[in-house]
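# Descriptive structure summary
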Amino acid sequence: MKVMVLGKATERSEAGEFGSAEEFAAMDRYGQQLAEAGVVLASDGLQPSSKGKRVAFDADGNTTVIDGPFAETKELVAGFSIWEVASMDEAVEWVKRAPFRDGGVVELRKVLDAEDFSESFAAEISAAEDQLRADRADGR
Amino acid sequence: MVSATQQAIEAVWRIESARLIAGLARIVRDVGLAEDLAQDALVAALEQWPESGVPDVPGAWLMAVARRRGVDTIRRAVTLRSKVELRCRDLPEHETPMDEIEFEPHVEDDVLRLFFIACHPVLSVDARVALTLKLVAGLSTEEIARAFLVHTTTMAARITRAKKALTEANVPFEVPVGEELADRLSSVLEAVYLVFNEGYTATAGEQWARAELCQEAMRLGRMLATLAAGESETHALVALMEIQASRLRARIGSDGEIVTLDKQDRARWDRLLIMHGLAALNRAEEIGGTGSYAIQAKIAACHAGAPRAGDTDWVRIASLYGDLVGLTRSPIVELNRAVAVSMADGPAAHICSPGPAAPDQACSTGSFRCRALRPTLPLSARKRPTMPHSAHKALFW
């Protein structure tokens, strides 16, 4: 299964600090361990929210664009990875090995897959998709 | 009900077992004994961690316990030998006791050595696959047996025989060098790809076990691509498996039937796996990219790059199959090439010649097959040829 690993923002990450050389080296070693274990599918850091945007939708679908920075630093995301692991426990064990300090928080969220949908819902989706395929084949 | 600690132990085992067994194998010079010691440490963890909690550095805990047991085992052996020596004074002095040997930090190399020993040529291909899953992937004998649809006792016997064969052949725990490396690496890659195909092509067995085998194979492949990063075929195999696996969820229809490549809903392909696979193929090409896995990965990439089945670049695929024929001389590959050529140029094109890349020797058999195929060749790229299952699966699955 795939798990999305969300590294939550800190005051330092929001200030645009990249961390010290030692912190970088420790992250490098950690990244190497993960790579050697074959679990990483994607991984990147994000710019601070001051350079981010939000798009909000109202009831009619009208949009408003909001410029960063955004409040509630601890709820923001500073970096992410997508791991392929056997279980959420495995992902937790891997996160425990991360060289984070100073109140850093990492959130783990399973990426939805077929087994997360109920059978009836899955059948409904799959019937709709079959119809879509048939329409495409007919050139409609 | 499995307790939270037990789940944590299983996760720790999955993460640590390869490094643990590999590190121990370097010390005790016997991969079978190393695995026994690691298993003992796992049992100790199952007994103690529910009480004491999971240690902060669980890998080091397991290694310490396993080493201590290893020291005991070797001491007993040394004591036994000393007793024998009393009677046979002409035997040499015993070696340094185990606890005086320094624990070296080359853990990555250890895991690579473990791959090579699990796929050693003294073992049958079946045994290599089983040992790789047991020693490197950290699967239990029950899990491996279930995935391969055999009884646990059968699989246990296969694994025991394999470990015994390695001990008897006194196989050194090392990464091969020079000319031997290419051959040995291809055995390792073959075992990993067999695991993948067991999951990918078989239609029997529990669905989850099948998908799991594909994931195990991809994990092993990615490990190899990091541990032997200078070998282009390791990256190529990762690319091939990931691009093929990207279609897994589009490949099973609502009634559980196999949906062929040309009829799959391409929106359901796993774009992340395709991207990761294409990046791996890039790395393979940067340092070579002419091996058979690289060519197969390039063919898979051609399919992945076509938004609709009708957009498939059959000219390139036919040319890649030509390269592959030159490399493998496999009749199945020739057959696939013939199909690709017919998709590219229409059904008449391939009949006269198997193409410049095909070896002369293959011409007669090649055209024989072409004649045999003629009545069933497709008239357009939209129509899938009706051919024996084994012949077109590489092309259409």
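Let me begin by describing the structure that accompanies this report. As the structure is a computational prediction, the values presented were derived from the model and not from experiment.

## So, the overall build of chain A
A tally of helices and strands in chain A yields four helices and six strands. When the helices and strands of chain A are listed from N to C terminus, the series reads β-α-α-β-β-β-β-α-β-α. A compact globule built from 140 residues should have a C-alpha radius of gyration of about 14 Å, whereas chain A, at 20 Å, is more than 25% larger. By principal-axis analysis of the C-alpha atoms, chain A measures approximately 60 × 40 × 25 Å. Relative to its 140 residues, chain A shows a buried fraction of 16%. At a minimum sequence separation of 6, the contacts of chain A that also span at least 24 residues come to 72%.

## Quick word on helix α11 (residues 271-286) of chain B
All names here are of chain B. Counted at 1.5 Å a residue, the expected span for α11 with its 16 residues is 22 Å, and the 22 Å between its end C-alpha atoms agrees. Inspection of α11 places Leu273, Ile274, His276, Gly277, Ala280, Leu281 and Ala284 among the buried residues, and these make up the whole buried set. All buried residues of α11 lie within an arc of 165 degrees about the axis, which places them on one face of the element. Projecting away from the buried face of α11 at angles above 90 degrees are the exposed residues Arg271 and Glu286.

## So, the interface of chain B and chain A
With 20 residues of chain B at the interface, the matching set in chain A holds 23 residues. Mapped onto the side of chain B that touches chain A, the elements with two or more residues apiece are α1 (4-28), α9 (207-227) and α11 of chain B. Counted by class, the side of chain B that touches chain A contains eight nonpolar, five polar and seven charged residues.

## Regarding the pairing of strand β3 (residues 53-57) of chain A
Taken across its five residues, β3 of chain A has zero buried, putting it largely on the surface. Following β3 of chain A, the chain reverses through five residues before pairing antiparallel with strand β4 (residues 63-67) of chain A; Gly61 of chain A in that reversal takes a positive phi of roughly 90 degrees.

## Some words on unusual backbone geometry
The residue after Gly68 of chain A, namely Pro69 of chain A, is reached through a cis peptide bond having omega 5 degrees. Of note, Pro69 of chain A is situated in the loop between β4 and β5 (77-84). Of note in this structure, Asn170 of chain B is not a glycine but carries a positive phi near 50 degrees. Position of Asn170 of chain B relative to the elements: it lies in the loop between α7 (152-168) and α8 (179-201). Residue Asn170 of chain B is classed as exposed on the basis of its C-beta count, with 9 C-beta atoms lying within 10 Å. We note that Arg329 of chain B has phi near 50 degrees; this positive angle belongs to a residue other than glycine.

## Re the environment of Val105 of chain A
With respect to the element layout, Val105 of chain A can be found in the loop between α3 (88-96) and β6 (106-110). Along the chain, Val105 of chain A and Lys8 of chain A lie 97 residues apart, while their C-alpha atoms are 5.5 Å from each other.

## What to know about the sheet that holds β6 of chain A
Residues and elements named next belong to chain A. Pairing is antiparallel in the open sheet, where four strands are placed in the order β2-β5-β1-β6. Because the sheet does not close on itself, it has two edges, and the strands there are β2 (40-45) and β6. Strand-to-strand, the axes of this sheet are offset by a mean angle of 15 degrees, without reference to chain direction. Pairing analysis gives seven bridges linking strand β1 (residues 2-8) to β5, with the strands arranged antiparallel. Directly across from Met4, in β5, lies its bridge partner Ile82. Packing of α3 onto the sheet brings it into contact with β1, β5 and β6, and relative to β6 it is tilted by some 160 degrees.

## Quick word on the nonpolar core
Residue and element names in this part refer to chain B. Ranked by size, the top nonpolar core spans 118 residues in total, and within it Ile21, Leu24, Leu114, Phe115, Val192 and Ala297 carry the most contacts. Counting residues per element, this core draws most heavily on α1, at 14 residues. For Phe115, the residues in contact, after removing those within four places along its chain, are Thr132, Val136, Val188 and Leu224.

## Things to note about the packing of helix α10 (residues 232-245) of chain B against helix α12 (residues 292-304) of chain B
Residue and element names in this part refer to chain B. In the contact formed by α10 and α12, the axes pass within 8 Å of each other and the chain directions differ by 30 degrees. The angle between α10 and α12 falls in the class roughly parallel. Crossing angle aside, the handedness with which α10 passes α12 is left-handed. Within the contact between the two elements, α10 uses Ser232, Glu233, Ala236, Leu237, Ala239, Leu240, Ile243 and Gln244 and α12 uses Tyr293, Ala294, Gln296, Ala297, Ala300, Ala301 and Ala304. Here the contact of α10 with α12 is composed, by residue class, of eleven nonpolar, three polar and one charged.

Here is what the cut-offs are and how they apply
Residues numbered from 1 in each chain as written. Chains lettered and ligands numbered in written order. Predicted model: local features only at pLDDT ≥ 70, side-chain atom pairs only at ≥ 80, totals over all residues. Helix = DSSP H or I, 4+ residues; strand = E, 2+ residues; numbered from the N terminus. Rg over C-alpha atoms; globule rule 2.2 N^0.38 Å. Buried ≥ 20, exposed ≤ 12 C-beta atoms within 10 Å, placed from the backbone. Contact = placed C-beta atoms within 7 Å. Expected span 1.5 Å × (residues − 1). Arc of directions from axis to C-beta. Nonpolar A, V, L, I, M, F, W, Y, C, P; charged D, E, K, R; others polar. Pairing = 2+ DSSP bridges. Axes fitted to C-alpha atoms, helices over the stretch in contact; angles between N-to-C directions. Core = buried A, V, L, I, M, F, W, Y, C linked by C-beta atoms within 7 Å. Parallel < 35°, antiparallel > 145°, perpendicular 65-115°, else oblique. Left-handed = near helix turned anticlockwise from the far one by under 90°.

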